[in-house]
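As a plain string of letters, each chain reads:
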Amino acid sequence: FGRVASVFKDPNVFGPFLVPAALYSIYYFESKNNLATRCFWLAIFLILSIGVLLSFSRAAWGNYAISACVYFILSAGSLKQRALTVFVLVIIILPVISAILFQPQVAELLNQRVGIHGYDSDRFGTQLASLQLATAYPLGIGPGQTEPILSYSTHSLYVRIVAEYGFLGILSFLNFLVLTFMRSLRHCFRKTKNTTQYAAIVTATLTGILFNSIFIDTLHWR
């Protein structure tokens, strides 16, 4: 449908895939002293950001915004450095993004993607039907059974799990996520600077994916 997917089968997978790399490029942009190296990583950041934009995945856009905010909160550095980095990135990226959005094909696709559409109603209807299945079958209907039964994907990781694996399944999965997130967060506050920076990237990316999973079934990302 005119959306960039690269080598992925779905733009909704392609967009989020670029987010951790974009955060990584921000880290290297900040940590390098050489001007040429900083410009290189700034260019990488710009290319990856354009990739997320052109995926036209609304969940990926939210994923990127949340991941970037969490990264800036958790990463080491003074408030002045954070503000300077954000200022430079915004000054560089806004004109480029604006120029892309003024392209007729891109503008038309953007108008199509923003707002509520007919298939959104199908998604929400399927999610409601999945929750009704979960109520009828508290132990779950079995792995991979929502699509054969409902003839439509749930488009939500959490709804899929509660329908297919039951309430014990969703509680176990949420427990796994909380423990993973807590361990990742703990690494952000260690004394080794490089370790904390990488941990900030991982934690921020995980936060974005957890948000993304509300709207997309991320299990099939593998």
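Predicted model, so just to flag it, every value in this text is computed and none were measured.

Q: So what's going on with the overall build of the chain? Which residues, and what values?
A: Within the chain one finds 10 helices and zero strands. Secondary structure elements of the chain occur, N-terminal to C-terminal, as α-α-α-α-α-α-α-α-α-α. Along the first, second and third principal axes, the C-alpha set of the chain runs to 60 × 50 × 25 Å. The burial tally for the chain puts 44% of its 222 residues in the buried class. In the chain, 67% of the contacts between residues at least 6 apart in sequence involve partners at least 24 apart.

Q: How would you explain the nonpolar core if you had to name every residue and give the values?
A: The biggest cluster of nonpolar side chains holds 36 residues, and the ones touching the most others in it are Leu23, Ile26, Phe45, Tyr64, Tyr71 and Leu89. Mapped by element, the contributors of at least two residues to this core are helix H2 (19–31), helix H3 (35–54), helix H4 (58–74), helix H5 (79–101), helix H6 (104–113) and helix H10 (193–212). By residue number, the principal contributor to this core is H3, which donates eight residues. The contact partners of Phe45, leaving out residues within four places of it in the chain, are Ala22, Ser25, Ile26, Tyr64, Leu89 and Ile93.

Q: Before we move on, can you summarise helix H9 (residues 157–187) with the specific residues and values?
A: Here H9 contains 31 residues, and its C-alpha end-to-end distance of 26 Å is more than 12% below the 45 Å for a straight helix at 1.5 Å per residue. Maximum bend of H9: about 130 degrees, positioned at Tyr165.

Rules used throughout
Residues numbered from 1 in each chain as written. Predicted model: local features only at pLDDT ≥ 70, side-chain atom pairs only at ≥ 80, totals over all residues. Heavy atoms only, no water. Helix = DSSP H or I, 4+ residues; strand = E, 2+ residues; numbered from the N terminus. Buried < 20%, exposed > 50% of the residue type's maximum accessible area, 1.4 Å probe, protein only. Contact = heavy atoms within 4.5 Å. Core = buried A, V, L, I, M, F, W, Y, C linked by side-chain atoms within 4.5 Å. Expected span 1.5 Å × (residues − 1). Bend = angle between axes of the 7 residues up to and from the residue.

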